[in-house]
Amino acid sequence: MTILCSHHRIVEKEPSKVNPRWKSCTVFSLLMIVSSCLVVSFSLHGLIADYKHHCLLKANLHFVPIAVENGSDTGTNQTAVQYGIDEYWSNWNSGLYCETLKNMPLFQGICCTIWLALFLVHGPGGILPQPWRIVLPSLIFFLGCTVVSLLTASFITQGLRHLCAEFQKVDSVQGMSCARLILYFSLVQDTAALVQVDKNFFLTLAFSWIWVGATVFGLVIILLRIFLMPDFELFRVVVSMHGMRKDLPMLQTEESASCTTSEL
């Protein structure tokens with residue numbers, strides 16, 4: 001037997017040979033992405049609804065004084081000056097801008113739900129040749145999710161910070177919590193006291209970056225699976241030649257080639 005050449009080939013492992021922790025980490029990241037996307041989308045919708053569906057992100061607000069009469073214990077009426085938002089003179093941002101930021105998490109949550117179902121039901125799949133049918137689609141998917149989540153969370157955070165800075169234009173409420181001021185200046189709720197806080201503000205701000213963290217975690221898991229190769233096996237392929245000569249001079253030499261595969 002004569003060895004002509006040898007090379008190495010990467011092939012997929014059997015699902016039973018792969019550590020289930022890798023699959024659990026991927027499932028956990030997808031579930032975190034879906035849940036945080038839903039929270040961000042509905043919380044941002046609640047914020048926009050409090051301002052009569054005007055796009056409040058990066059809006060330039062115009063405040064007007066509002067006289068409010070308060071009755072005292074002596075029976076005399078005292079006039080207190082409060083400030084409210086003039087929705088007609090305020091420069092609201094484009095409605096398409098807020099709709100895009102509101103629907104983008106919802107769209108990614110739907111995509112991750114479909115991806116999670118395909119991942120759990122069909123496993124590695126069989127569309128692309130081995131072993132790229134595992135690596136390439138997952139890498140592209142999580143990379144796209146990371147970019148989208150990072151951009152969306154950045155725009156939402158910048159918009160809310162600008163809104164909080166607009167509230168500080170009113171001297172009487174300077175230094176107050178932005179979550180209280182969002183509810184205080186709401187266009188649909190008559191809130192005269194700075195006691196309550198708007199939960200949608202905290203949920204939108206916090207879960208936007210939880211969403212980013214979940215996508216980055218999923219991307220890191222995929223990169224580790226690429227470099228550490230827990231889903232693949234490295235085989236050595238040896239190509240050998242078996243020659244067989246006949247004693248008859250008129251017959252040509254018959255040769256047969258065979259490949260034997262041995263695991264490293």
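Predicted model only: the values in this text are computed from it and were never measured.

Things to note about unusual backbone geometry
Positive phi, normally seen in glycine, also occurs at Lys52, with a value near 55 degrees. Along the chain, the position of Lys52 falls in the loop between helix H1 (20-50) and strand E2 (55-60). With phi around 60 degrees, His53 is a residue other than glycine that occupies positive phi space. Residue position: His53 is located in the loop between H1 and E2. The exposed category is assigned to His53, whose relative accessible area is 54%.

A short note on the state of the cysteines
Counted according to the given criterion, the structure contains two disulfides. Shown here is the disulfide that connects Cys55 with Cys98, its sulfur atoms set 1.9 Å apart. Since a negative S-S torsion denotes a left-handed disulfide, the Cys55-Cys98 link at about 75 degrees is right-handed. You can see Cys55 sitting in strand E2 and its partner Cys98 sitting in helix H2 (residues 95-122), a full 43 residues away along the chain. Pair check on accessibility: Cys55 and Cys98 agree, each one buried. The disulfide bridge from Cys164 ends at Cys178, spanning 1.8 Å between sulfur atoms. On the sign convention where negative means left-handed, the S-S torsion of about -85 degrees between Cys164 and Cys178 marks this disulfide as left-handed. Of this pair, Cys164 sits in helix H3 (residues 132-167) while Cys178 sits in helix H4 (residues 178-184), placing them 14 residues apart in sequence. Cysteine pairing for the chain (bonded cysteines numbered in sequence order): 1-2, 3-4. You can see Cys112 has no disulfide; the closest cysteine sulfur is in Cys145, sitting 4.2 Å from it. Residue classification places Cys112 among the buried positions, given a relative accessible area of 0%.

Overview of the packing of aromatic side chains
Enumeration over the complete set of coordinates arrives at 10 aromatic pairs. Taken together, a centroid distance of 4.5 Å and an interplanar angle of 5 degrees make the contact between Trp115 and Phe141 stacked. Taken together, the residues Trp115 in helix H2 and Phe141 in helix H3 connect sequence positions 26 residues apart. A residue is classified by how much of its surface remains accessible, and Trp115, at 21% relative accessible area, is partly exposed. Considering the side-chain rings of Phe201 and Phe202, the 5.6 Å spacing of their centres and the 70 degrees angle between planes classify their relative orientation as edge-to-face. Accessibility expressed as a relative area gives 8% for Phe201, which makes it buried. Members of the aromatic cluster, connected to one another through ring pairs, are Phe63, Phe167, Tyr184 and Phe185.

Regarding the side chain of Ser43
Residue placement: Ser43 occurs in helix H1. The buried category is assigned to Ser43, whose relative accessible area is 4%. Here Ser43 is in contact with Asn200, Leu203 and Thr204, once residues within four sequence places are set aside.

Some remarks on the UniProt feature "transmembrane region" (unreviewed entry) in the chain
UniProt records the feature "transmembrane region" (unreviewed entry) at residues 27-48, 106-128, 134-156 and 201-228, using the numbering of this structure. Taken end to end, residues 27-48 comprises 100% helix and 0% strand; its first and last C-alpha atoms sit 32 Å apart. This span, residues 201-228, is 100% helix and 0% strand, and a straight line between its end C-alpha atoms measures 41 Å.

Focus: the nonpolar core
Tyr51, Ile85, Phe167 and Phe185 are the most contacted members of the largest nonpolar core, which has 30 residues in total. For this core, the secondary-structure elements that each account for two or more residues are H1, E2, H2, H3 and H4. When sequence neighbours within four positions are dropped, the list of residues in contact with Tyr51 reads Leu56, Ile85, Trp92, Phe167, Leu181, Ile182, Phe185, Ser186 and Leu187. Among the nonpolar cores identified, the runner-up in size contains 15 residues, and Val27, Val34, Cys37 and Cys145 belong to it.

Calculation criteria
Residues numbered from 1 in each chain as written. Predicted model: local features only at pLDDT ≥ 70, side-chain atom pairs only at ≥ 80, totals over all residues. Heavy atoms only, no water. Helix = DSSP H or I, 4+ residues; strand = E, 2+ residues; numbered from the N terminus. Buried < 20%, exposed > 50% of the residue type's maximum accessible area, 1.4 Å probe, protein only. Disulfide = S-S within 2.5 Å. Phe/Tyr/Trp six-rings, centres within 6.5 Å; stacked < 30°, edge-to-face > 60°. Contact = heavy atoms within 4.5 Å. UniProt positions renumbered as here; feature names shortened; annotations may be inferred. Core = buried A, V, L, I, M, F, W, Y, C linked by side-chain atoms within 4.5 Å.

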